[in-house]
There are 2 protein chains.
Amino acid sequence: MSILVVGSLAFDDIETPFGHSPDTLGGSSTYIALSASYFTDKVEMVGVVGADFEDKHFQVLHSRDIDTKGIKKVEEGKTFRWAGRYHYDMNTRDTLDTQLNVFADFDPQVPHEYRKADFVCLGNIDPKLQLRVLDQILQPKLVICDTMNFWIEGQPEELKETLARVDIFIINDSEARLLSGDPNLVKSARIIRAMGPKTLIIKKGEHGALLFTDNGIFVAPAFPLESIYDPTGAGDTFAGGFIGHLARCESITEAEMRKAVLYGSAMASFCVEKFGTEKLCDLDLLEIEDRYESFRDLSKIED
Amino acid sequence: MSILVVGSLAFDDIETPFGHSPDTLGGSSTYIALSASYFTDKVEMVGVVGADFEDKHFQVLHSRDIDTKGIKKVEEGKTFRWAGRYHYDMNTRDTLDTQLNVFADFDPQVPHEYRKADFVCLGNIDPKLQLRVLDQILQPKLVICDTMNFWIEGQPEELKETLARVDIFIINDSEARLLSGDPNLVKSARIIRAMGPKTLIIKKGEHGALLFTDNGIFVAPAFPLESIYDPTGAGDTFAGGFIGHLARCESITEAEMRKAVLYGSAMASFCVEKFGTEKLCDLDLLEIEDRYESFRDLSKIED
């Protein structure tokens, strides 16, 4: 199954208590695509970069067999840049600088050969652009969507229009409370699922994730890691592993959905072990399966 | 197997966004004993109360077949009283008043017939008193201990002396960080287990609990409840269900330990549904098994 990924490509300047990593390849679609690439051999990207996005950066994506024909390079512009600093506890961060650059005028054009994509993963971008992408896809089997507080507060109506056309929606706990207006996550989930997405995933960072479907609630543990070097991109990496596993399933059942959450969690646990996307370029299938099994064991009860 | 429970008996004055419940029977040992009473028929309490602790209060414990011979009644004193108010999100509370009363001079005397207790559950009291209890028990099979930040900060040396004689230690995440001096819970667990307890449970409130043993880590989900009426006593109720399940096992294996964490969680999820101990007086075994199965299903992955 093919996966079309739409979102940002960026250069990040990341400071954590463990070090400083400037000019780090990042962006929501980069993390999603790299993560998904371990599960299916057809990952296609739509995005925009500037002249500073060099061949070596494309090479990172090509080394994982990711199709980059949908990435537009604007020679007279610069790539989106973000700078942030994580606090000691790694759970909170300050954004030090945001330069939208070519991303400010991003108008996603889905190449003709991508329009038959089976799965569409809408990274965290303006909901109007997310809608514009959906208008260009013929008949997707599954649409997955991410967003953030900036769009929930700034464009609630456009976001709701997008959500009406989304199958699986992935947000974090504070975003869920903001969007639903209810502090209780079970009630939040009911309110948000009524907006459109039949399936909702609420990420809780170091406390794991909740999956809400028609069949009930699944609680996925987070991996209790001793060392987290850089949390940047963990949420997008989760989404990539999640959709990646679904794309290789013959049919999408409740059981596969639960496994997909664990695969997403496993990929995210790798992501945070090194700076930026570094760890995501260098995994093999065996260690992914091993990490997945470790996740299963974390909450396993023998009969 | 018999369980000896030592801790406070109290009258609580509880305010939550859902109501106000004055003169509510509470205290750590009350919650532990009531919760454990569903799993084993021999629960013994050691504690102290005042003249205001009437027959009807003893009757609550007797109705669950709890042995109260070890509860000393001081006719010239008043029972320990606590008043608190929960905030809107139910995760934080303010203590409005604490009156130690007869609890200030509590000197636990273990009745002769309790000294052969198989399991000892030391509720959250002065670590010096916890030690004094252990000195009076002949040869306990298993010692479980709870504490709080007040003792970690005020009596670290006495607490460490207690911990050296404890098999299973139960605390919450902020207490684990405080005691270990490390913000990372995996590292905290290693540091704390080196103090004595081979098994450590770190409770994370609405985010579940972590069990650390020689065999690794188990992550237990919390039940995603729509309504929490009163969180008072949830941690003690967890401890009661946990030790209760272990007391009915033929041998204490890793698998039974994991199940015990889920039984503890199930009991705690009942506790918060009504004010004080009300819900804990009125359960049946079938609904406990049902809730336990629901907990298992929360994190179940089909093969």
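Quantities reported herein were computed from a predicted structural model and do not represent experimental measurements. (Residues numbered from 1 in each chain as written. Chains lettered and ligands numbered in written order. Predicted model: local features only at pLDDT ≥ 70, side-chain atom pairs only at ≥ 80, totals over all residues. Heavy atoms only, no water.)

**Student:** Before we move on, could you go through unusual backbone geometry and cite the residues and values that matter?
**Tutor:** Unlike most non-glycine residues, Asn101(A) shows phi in positive territory, near 50°. In this structure, Asn101(A) sits in the loop between β7 (93-99) and β8 (119-122). For Asn101(A), a relative accessible area of 28% translates into the label partly exposed. With a phi close to 60°, Asp65(B) is a non-glycine residue in the positive phi region. Residue placement: Asp65(B) occurs in the loop between α2 (55-62) and β5 (66-74). (Helix = DSSP H or I, 4+ residues; strand = E, 2+ residues; numbered from the N terminus. Buried < 20%, exposed > 50% of the residue type's maximum accessible area, 1.4 Å probe, protein only.)

**Student:** Now, about the relation of the copies chain B and chain A: what can you tell me, with residues and values included?
**Tutor:** When chain B is fitted to chain A, the best match, at an RMSD of 0.0 Å, comes from turning it 180° and sliding it 0.0 Å along the axis. The transformation just described matches what one would write down for a two-fold rotation axis. (Least-squares fit on C-alpha atoms with pLDDT ≥ 70 in both.)

**Student:** Can you break down a negative patch on the surface residue by residue, with the values?
**Tutor:** Residues and elements named next belong to chain A. Taken together, Glu278, Asp282, Asp284, Asp290, Glu293, Asp297 and Glu302 make up a surface patch of like negative charges. As for its position among the elements, aspartate 282 is in the loop between α9 (254-271) and α10 (285-298). Classification of aspartate 282 by relative accessible area gives exposed; the value is 54%. (Patch = residues over 30% accessible without salt bridge, like charges linked within 9 Å, V, L, I, M, F, W, Y side chains within 5 Å. Areas by Shrake-Rupley, 256 points an atom, 1.4 Å probe, with all protein chains shown as cover. Salt bridge = Lys/Arg side-chain N within 4 Å of Asp/Glu carboxyl O. Lys, Arg positive; Asp, Glu negative; His and termini not counted. Charge placed at Lys NZ, Arg CZ, Asp CG, Glu CD.)

**Student:** Which residues make up the interface of chain B and chain A, and what values go with them?
**Tutor:** As a measure of interface size, the accessible area lost when the parts come together is often cited. Contacts between the two partners involve 32 residues from chain B and, on the opposite side, 32 residues from chain A. Buried surface at the junction of chain B and chain A, summed over both partners, amounts to about 2800 Å²; 52% is from carbon and sulfur atoms. Three residues stand out in chain B for area buried against chain A, namely His207(B), Glu226(B) and Ile301(B), and they jointly supply 23% of the buried area on that side. On the surface where chain B and chain A come into contact, there are two salt bridges. Here Glu226(B) ties to Arg190(A) by a salt bridge, and the two come within 2.1 Å at their closest N and O atoms. (Contact = heavy atoms within 4.5 Å. Buried area = accessible area lost by both parts, 1.4 Å probe.)

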